[in-house]
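Close look at the chain arrangement
Given next are the chains, with one letter for each unit.
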Amino acid sequence: MNMQKEPINIVDELTQSDYKYGFVTDIEHELAPKGLNEDTIRFISAKKHEPEFMLEWRLKAFRFWQQMKEPKWANVKFPPIDYQDAYYYAAPKQSANKPKSLDEIDPEIRRTFEKLGIPLTEQQRLAGIAVDAVMDSVSVATTFKEKLSELGIIFCSMSEAIREHPDLVKKYIGSVVPYTDNYFAALNSAVFSDGSFCYIPKGVKCPLELSTYFRINASETGQFERTLIIADEGSYVSYLEGCTAPIRDENQLHAAVVELIAHKDAEIKYSTVQNWYPGDKEGKGGIYNFVTKRGICEGNNSKISWTQVETGSAITWKYPSCILKGDNSIGEFYSVALTNNYQQADTGTKMIHLGQNTKSRIVSKGISAGKSQNSYRGLVSVGKKAMNARNYSQCDSLLLGDKCGAHTFPYIEVKNNTATVEHEATTSKISEDILFYCNQRGISTEDAIGLIVNGFSREVLNQLPMEFAVEAQRLLAISLEGSVG
Amino acid sequence: MSLLKIDNLKVNINGKEILKGLSLEVNRGEIHAIMGPNGSGKSTLAGVLAGKEDYEIVEGTIEFDGRNIFEMSPEDRAREGLFLAFQYPIEIPCVSNASFMKTAVNEIRKYRNQEPLDAMDFLRIMKEKAKLVEMDQSFLNRSVNQGFSGGEKKRNEIFQLAMLEPKLAILDETDSGLDIDALKIVSNGVNKVRNTENAFVVITHYQRLLNYIVPDFVHVLFDGKLVVSGGKELAFELEERGYDWIKKQYNSVLV
Ligand SMILES: Nc1ncnc2c1ncn2[C@@H]1O[C@H](COP(=O)(O)OP(=O)(O)O)[C@@H](O)[C@H]1O
Ligand SMILES: [Mg+2]
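Residues numbered from 1 in each chain as written. Chains lettered and ligands numbered in written order. Predicted model: local features only at pLDDT ≥ 70, side-chain atom pairs only at ≥ 80, totals over all residues. Heavy atoms only, no water.

**What about the overall build of chain A?**
When you go through chain A residue by residue, the secondary structure sums to 11 helices and 23 strands. Expressed as a percentage of contacts within chain A between residues at least 6 apart in sequence, the contacts between residues at least 24 apart total 84%. (Helix = DSSP H or I, 4+ residues; strand = E, 2+ residues; numbered from the N terminus. Contact = heavy atoms within 4.5 Å.)

Structure below.
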């Protein structure tokens, strides 16, 4: 007598994935005292030898934050965060003074980044990509610095920029995301520890991909980095950030701020491959990723393009946005957000059309598996003076199994009747019937899901620089990978 | 050795007996037709062969090309050369027919330790096979079965069959919903793929299809068993007399 396998739910099995970047590096950290008050902020500022204006700004932000309440409007659920029960500054010990050359880096830290595929030695640097590596609160290494400075490009850690280029920082920091913007932006402005700074001078097309790799290592710390990118007239830069964190039971807060400024005829392409620890299969632990990202197309004919592949974090809450101020400026948002197990994502964009003939394009792809919730939230706003503004939005959802959810919240505000705003949305489901059909053609369940997910995400992945598109494709596959035998 | 050997197969669905001791042997080069009234278990048999999980195998054995089929995953059955043309072909979002077939062909080649086909060869073969079922090239770039008409879906099943060159193809009511021209095209496709090394199990409700795909054997599935078998004349008899005489004859035996 033969018994066929007990009917099992393939989709259930498949969505049991393991996080591959969950190791902890054993290094000593220098911490600020636990908790958050003005002394914490003075401590951070002093540690970084900041000029007075920076400390003043931080303190103003902190005082403002104290008046604010945590926002509740996103479609996510989490227990209250105790802001006094965390460290706001953690630095790998050695880097109190950042090493002068890459070869001086603490071998433990170097190994950490090597495990993550980011070599930090002079010999092994990634070809064609300049990397700023940030661990916990500080930048530990920046590659290709000299080569870039020959072109007048400044690419360094935020701390360094505050010390060495205070005029630029003073002019632009908070100009796109003021500390009054929202709760987490205010918190970040008060306690931000590091991040990347990038300035591309007039007429320069940056020949390398600029990239920042963020790594949280210390426990009970939040990571608050701040990135500022300025593309002066007629310049071009493509920038990419990646991020991972160890597996920990606790939830860690990541509240970053990114500001982009594109002057006349300039273009900034900003790509993110976000893979913070998502928590385990029961929903324990994981990063709260509450990020404010915004760019302004300041000058005419400028362009800002956001591309994001979001697979990590317990909760993702971010809306990379474009303020289209210059005439003929263009804003783009391409997103793949994948949620599995108990992950929650509420992500999307805001396109604010102010100038004439401004154009925006939104392509959002949400993939939900397990018991996760995936929401797209977007705002297209067309101001009174934005003659002939055009927007096209497309929001597609892909469901894997029937315990997950996909939601879309598109908001449209149009104050100029010459505007054209188009919105399309689809929902598809990877059912057991589809998987069986693929199996019957010789394709395994995992490959079938990979095939569908890649097809679904292709339009977004195509926006990424080649090497990262391959990496992102792999990441999507392993985020859904399971134990199907 | 026969290609397929089913012996005393008993299958339940949700505790209800559907197949009650079915036996069938298929050799290479043969075409078997299985006919029977609606709900008699024809699709269940096809599903069990392909490895669908909704069934409880209560008793019996199935050997496919000498191997116990129950020890093989659905994808391995496919890679070993078992093909099911679905009664209701499934729509797959976001995957073009071409990349679906490319993945399938190369997975099967990998299983057989063959190099993957390069893009040029693949394209050439794909165009050739599409022609076999008179399928327009534009269908190759569309998502699998999405927005296809009923007839186009069935044609696509036979296109896939031609691409994968299975040892055993089970056609589950491939003729239903086809007009006479489409029926001829589909049958023609099957006849071109047919050779002395492969075999077909053609499940159908009507004799009509068997004018074009001429079976060596015809079986009637009733009350979970193959109750009558014969040559192609049996199909004509069923067409003429309907299934009632079988129902009468076998119900009385059962009583
Ligand atoms: N998944 C299922 N769940 C419950 N009953 C089913 C299922 N699939 C088939 N059946 C039942 O099994 C019997 C045989 O169905 P099927 O094999 O589809 O018949 P046929 O293809 O000969 O028309 C029918 O009574 C049908 O209702
Ligand atoms: Mg049927």
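**Observations concerning unusual backbone geometry**
All names here are of chain B. Phi is positive for Asn113, which is not a glycine, with a value near 55°. With respect to the helices and strands, the residue Asn113 is situated in the loop between α3 (97-111) and α4 (119-132). Given a relative accessible area of 75%, Asn113 falls into the exposed group. Within the chain, Glu165 stands out as a residue other than glycine whose phi angle is a positive 45°. Tracing the chain through its elements places Glu165 in the loop between α5 (150-164) and β7 (168-172). (Buried < 20%, exposed > 50% of the residue type's maximum accessible area, 1.4 Å probe, protein only.)

**Remarks on the site of ligand 1**
Residues and elements named next belong to chain B. Neighbouring residues of ligand 1: Ile13, Asn14, Lys16, Ile18, Pro37, Asn38, Gly39, Ser40, Gly41, Lys42, Ser43 and Thr44. A distance of 2.8 Å separates an oxygen atom of ligand 1 from a polar atom in the backbone of Lys42. Between ligand 1 and the protein, one listed contact pairs an oxygen atom with a backbone N or O atom of Ser43 at 2.8 Å. About the coverage of ligand 1: the protein hides 63% of its 560 Å² of free accessible area. Of all the secondary structure elements, the ones that give two or more residues to the shell around ligand 1 are β2 (16-26) and α1 (42-50). Examining the composition of the shell around ligand 1, we find that 3 residues originate from one element, α1, more than from any other. Looking at side-chain class alone, the shell around ligand 1 contains 3 nonpolar, 7 polar and 2 charged residues. (Near = heavy atom within 4 Å. Polar contact = N/O pair within 3.5 Å; in protein donor to acceptor, adjacent residues only side chain to side chain. Areas by Shrake-Rupley, 256 points an atom, 1.4 Å probe, with all protein chains shown as cover. Nonpolar A, V, L, I, M, F, W, Y, C, P; charged D, E, K, R; others polar.)

**Some points on the nonpolar core**
Of all hydrophobic cores here, the largest spans 115 residues; its most connected members are Leu9 and Phe100 of chain B. Here this core takes 8 residues from helix α10 (residues 445-461) of chain A, the largest share from any one element. Beyond its immediate stretch of four places on either side in the chain, Leu9 of chain B contacts Leu19, Lys20, Gly21, Leu22, Leu45, Val48, Ile57, Glu59, Gly60, Ile62 and Phe70 of chain B. Residues Leu36, Tyr83, Tyr319 and Ile323 of chain A belong to the second largest nonpolar core, which totals 52 residues. (Core = buried A, V, L, I, M, F, W, Y, C linked by side-chain atoms within 4.5 Å.)

**Observations regarding the sheet that holds strand β9 (residues 217-222) of chain B**
All names here are of chain B. With mixed pairing, the 6 strands of this open sheet are ordered in space as β6-β7-β8-β3-β9-β10. Only two strands of the sheet have a single partner each, and these edge strands are β6 (82-85) and β10 (225-230). Adjacent strand axes in the sheet meet at a mean angle of 20°, parallel and antiparallel pairs treated alike. (Pairing = 2+ DSSP bridges. Axes fitted to C-alpha atoms, helices over the stretch in contact; angles between N-to-C directions.)

**A few points about the interface of chain B and chain A**
The interface of chain B with chain A comprises 40 residues on the first partner and 26 residues on the second. Three residues, Glu53, Ile90 and Cys94 of chain B, lead the burial of chain B against chain A; their summed loss comes to 21% of the area buried on that side. Put simply, chain B and chain A have 2 salt bridges between them. Among the ionic pairs, Glu157 of chain B bridges to Arg441 of chain A, the shortest N-O distance being 2.7 Å. Across the contact surface, chain B and chain A share 9 residue pairs in polar contact (both at pLDDT 80 or more). Here the side of chain B that touches chain A gets 6 residues from one element, more than from any other, and that element is α3 of chain B. For the side of chain B that touches chain A, a count of residues per class yields 23 nonpolar, 8 polar and 9 charged. (Buried area = accessible area lost by both parts, 1.4 Å probe. Salt bridge = Lys/Arg side-chain N within 4 Å of Asp/Glu carboxyl O.)

**Quick notes on empty space enclosed by the protein**
Residues and elements named next belong to chain A. With the rule as written, the count across this model stands at 4 cavities of 30 Å³ or more. Each pocket or cavity is described by its volume, and for the largest cavity that value is around 90 Å³. If you trace the largest cavity, you find 15 residues lining it, with Ser364, Gly366, Asn374, Ser375 and Tyr376 closest to the centre. Contributions of two or more residues to the lining of the largest cavity are made by β17 (330-339), β18 (344-353), β19 (359-368), β20 (373-382), β21 (390-400) and β22 (405-414). Counted by class, the lining of the largest cavity contains 3 nonpolar, 10 polar and 2 charged residues. Approximately 60 Å³ is the volume found for the second largest cavity. Around the second largest cavity, the lining comprises 14 residues; the ones closest to its centre are Glu241, His254, Asn289, Val291 and Lys293. Ranked by the residues each element gives to the lining of the second largest cavity, the list is headed by strand β13 (residues 286-297), at 3 residues. (1 Å grid on protein atoms, 1.4 Å probe; cavity = no way out; pocket = protein on both sides within 12 Å on 5 of 7 lines; lining within 4 Å. Points joined across faces, edges and corners; volume = space filled by probe spheres on them.)

**Focus: the confidence of the model for chain B**
Residue and element names in this part refer to chain B. In this model, chain B carries an average pLDDT of 92, and 98% of its residues clear a pLDDT of 70 or more. When pLDDT is averaged over each helix and strand of chain B, the minimum, 69, is found for helix α8 (residues 244-254) and the maximum, 98, for β6. ipTM for the predicted complex: 0.96, alongside a pTM of 0.83. (pLDDT = per-residue confidence, 0-100.)

**Overview of the coordination of the magnesium ion (ligand 2)**
Residues and elements named next belong to chain B. The protein atoms that coordinate the magnesium ion (ligand 2) are Ser43 (OG) and Gln87 (OE1), at distances of 2.1 to 2.2 Å. Residue Ser43 is found in helix α1, and its partner Gln87 is found in the loop between β6 and α3; the two are separated by 44 residues along the sequence. Looking at Gln87, the relative accessible area reads 16%, which means it is buried. (Donors = N, O, S within 2.8 Å, 3.2 Å for Na, K, Ca; no water.)

**Thoughts on the packing of aromatic side chains**
Residues and elements named next belong to chain A. Scanning the entire structure with this criterion turns up 17 aromatic pairs over all chains. On the basis of an interplanar angle of 45° and a centroid distance of 5.4 Å, the ring pair of Trp65 and Tyr183 is categorised as tilted. Here the residue Trp65 occupies a position in helix α3 (residues 52-67), and Tyr183 occupies one in helix α8 (residues 183-191), the gap between them amounting to 118 residues. For the pair shown, Trp65 and Tyr183 are each scored as buried. Aromatic rings pair up to connect Phe62, Trp65, Tyr83, Tyr183, Phe184, Tyr288, Phe290 and Trp317 into one cluster. (Phe/Tyr/Trp six-rings, centres within 6.5 Å; stacked < 30°, edge-to-face > 60°.)

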